[in-house]
Amino acid sequence: MSRIFSLNELGHAGSSRLSRPTRPTRELPDIDLDIDDLTDSDTEDEKDQETQLKDAETSNDYEILKRSLINEEFSPEILMYQDKAIDNLDKLIQEQDAVSKDMLVTHERKKFGMLLFSGTDRIKYIMEKYLLCRRNKIETQVLSILSSPIYKERLSTAELTHAEDYKMLLEDYLKAELKLPNDCLEDSIIKTFEKKPDLSKTVFCRVLKNIVPRDAQDTAIQHEPGDVIMDKYAYMRDALKDNSVELI
Amino acid sequence: MPINTNDLRFFAEDELVAIEPFFKEEALILSGKSFGPFEPPKKLEMPLWAALALKERKQCKIFPPECLTIEFLENRLELEDFLDINYGHKPLSNLPKYFIEFSKILLENAEDDIENPARVRYLLQKLKEIRENKIEKKLNDLEVNGLKMKNLTTSEVHKIRPTFTMALGGIRKLDGGRSEDPKRHPVQVNGMQEIEQLEVNGRGDDMSLEDYRMDLDDTIIYD
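The rules behind the values
Residues numbered from 1 in each chain as written. Chains lettered and ligands numbered in written order. Predicted model: local features only at pLDDT ≥ 70, side-chain atom pairs only at ≥ 80, totals over all residues. Heavy atoms only, no water. 1 Å grid on protein atoms, 1.4 Å probe; cavity = no way out; pocket = protein on both sides within 12 Å on 5 of 7 lines; lining within 4 Å. Points joined across faces, edges and corners; volume = space filled by probe spheres on them. Helix = DSSP H or I, 4+ residues; strand = E, 2+ residues; numbered from the N terminus. Nonpolar A, V, L, I, M, F, W, Y, C, P; charged D, E, K, R; others polar. Pairing = 2+ DSSP bridges. Axes fitted to C-alpha atoms, helices over the stretch in contact; angles between N-to-C directions. Contact = heavy atoms within 4.5 Å. Phe/Tyr/Trp six-rings, centres within 6.5 Å; stacked < 30°, edge-to-face > 60°. Buried < 20%, exposed > 50% of the residue type's maximum accessible area, 1.4 Å probe, protein only. Core = buried A, V, L, I, M, F, W, Y, C linked by side-chain atoms within 4.5 Å.

Caption draft 1: Highlighting the layout of surface pockets. Residue and element names in this part refer to chain A. Approximately 850 Å³ is the volume found for the largest pocket. Looking at the largest pocket, it is lined by 32 residues, and the ones nearest its centre are Glu77, Leu79, Met80, Arg154 and Lys241. Of all the secondary-structure elements, those providing two or more residues to the lining of the largest pocket are helix H2 (45–74), helix H6 (149–153), helix H9 (233–241) and strand E3 (245–247). Of the residues in the lining of the largest pocket, the class split is twelve nonpolar, eight polar and twelve charged.

Set out below in structure tokens:
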């Protein structure tokens, strides 16, 4: 099963409908870690600093994934897969699941256990929405994505496998539907089903760093952080790539 | 599943809010970020969703942010009017990204922690109306090259997206045969003069919208 289908691993097994986070009951993951291990450690400052750095990184991963989700939702083309953020958050979920399970059995810490459960569910919700959004885009634009090396590079290994499988299914379907012999499905026929990303789509974006407008004669004129611009995606593409703007 | 108002609420719930816990505890790590330690009456910041969960269990008091105080809102209302009078192009005052959702959630779930909630609600509604009115007027300034506005909140963008996108699509369709030149007189939504101008400019131009799009983006549109 491809990575993009492996949402079960992220804790939403059997749920095809995306729902807002609740407090599901889950199996206890095999990790022996307590919240005290992270906060009330008896080791020296060095370890504390390490934990703090890790905290900052994973918190940042959550923000990065949220931002990537919004960009992905509004961008007409597939964007770069956030493998590092997904991997880190996947690990964090496993850790938090174990900690919250321990907390829930201790009466005094139950409220914290519930908070951790909800926190984990929120991360899962964002991850699931992000992966589903990409899967949807891949399936819609599968032929265009697989024919472009740039787009192919933006997929995770599992997404690429899924795209290739999906393309094969599509070809099989076309053969059956058009009642063509196996070797008669010409590229030109397939091409008519190709849906390319509409780069002329109008998008809204918020400026994060100073950028020079595309029509400016004078480079002193700049879009400033906080400005909201409505324009074609094609013109915002480079700015989005270097994080000078975010889609909204 | 595109981003909807529920998602905007979800994002707003991640904003931080000050609380006073009614219990003593060590720090807690949520979404990879450490919050605490919880030592009453020491205030600390937590994500809104966590603060509301604790409040539901009567474990904390929420301190509404400055942007939900009567002084702040009255000040913002004055500022919106001031900007309107002194600058013809109707700029908006600066508000937090998820201000509208954030205020709604707090008013729905922690009304008792907000001073004079009825007045806050009234001021919020007024502020919302003034801003929406200004934004709607911006539709008249819409031109083929798009639009730039300052200080729009995410919720406001979400609300105007269908109308503005459709209007811009229409303008571009009308303007389709010609190249995008920023120095050219903009085509306005409600201007008769511009329509006449369009007819003059349109003569002898055989380029279709599809050709124009392909020329610009090298992309075939099948919609």
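The discussion continues.
Caption draft 2: Quick look at the sheet that holds strand E1 (residues 202–207) of chain A. One open sheet holds the four strands; their spatial order is E3(A)-E1(A)-E2(A)-E6(B), and the pairing between them is antiparallel. Either end of the sheet is taken by a strand with one partner, and the two such strands are E3 of chain A together with strand E6 (147–150) of chain B. On average, adjacent strands in this sheet sit at an angle of 30 degrees to one another, irrespective of strand direction. Bridging between E1 of chain A and E3 of chain A involves three bridges; their strand directions are antiparallel. Bridge pairing in E3 of chain A links Cys205 of chain A to Leu247 of chain A. Across the sheet, H9 of chain A is in contact with E1, strand E2 (227–232) and E3 of chain A; its angle to E2 of chain A comes to roughly 130 degrees.

Caption draft 3: Spatial organisation of the packing of aromatic side chains. Using the criterion set out here, one finds seven aromatic pairs over all chains in the structure. With a centroid separation of 6.4 Å and an interplanar angle of 25 degrees, the aromatic rings of Tyr81 of chain A and Tyr130 of chain A are classed as stacked. Highlighted residues: Tyr81 of chain A in the loop between H2 and helix H3 (83–105) and Tyr130 of chain A in helix H4 (residues 110–140), separated in sequence by 49 residues. Geometrically, the ring pair formed by Phe23 of chain B and Phe38 of chain B is stacked, given 5.2 Å between the ring centres and 25 degrees between the ring planes. Remark: Phe38 of chain B occurs in the loop between strand E3 (33–35) and strand E4 (44–47) and Phe23 of chain B occurs in the loop between strand E1 (16–21) and strand E2 (28–30); sequence separation between them is 15 residues. Phe38 of chain B matches Phe23 of chain B in its accessibility class, with the two residues each being buried.

Caption draft 4: Focus on unusual backbone geometry. In this structure, Pro37 of chain B follows Gly36 of chain B across a cis peptide bond, with omega equal to 5 degrees. Structurally, the position occupied by Pro37 of chain B is in the loop between E3 and E4. You will see that Asn243 of chain A, though not glycine, has its phi angle at about 60 degrees, which is positive. Secondary-structure assignment places Asn243 of chain A in the loop between H9 and E3. With phi around 50 degrees, Asn116 of chain B is a residue other than glycine that occupies positive phi space. Locating Asn116 of chain B in the fold gives a position in the loop between helix H4 (99–109) and helix H5 (117–138).

Caption draft 5: Structural context of the nonpolar core. By size, the foremost hydrophobic cluster in this structure holds 87 residues, and its most contacted members are Leu115 of chain A together with Phe11, Ile19, Leu30, Phe38, Met46 and Ile62 of chain B. Among the elements that take part in this core, H4 of chain A stands out by supplying ten residues, more than any other. In terms of nonpolar packing, the next biggest core, distinct from the first, is built from 17 residues, Val144, Val157, Leu168 and Ile171 of chain B among them.

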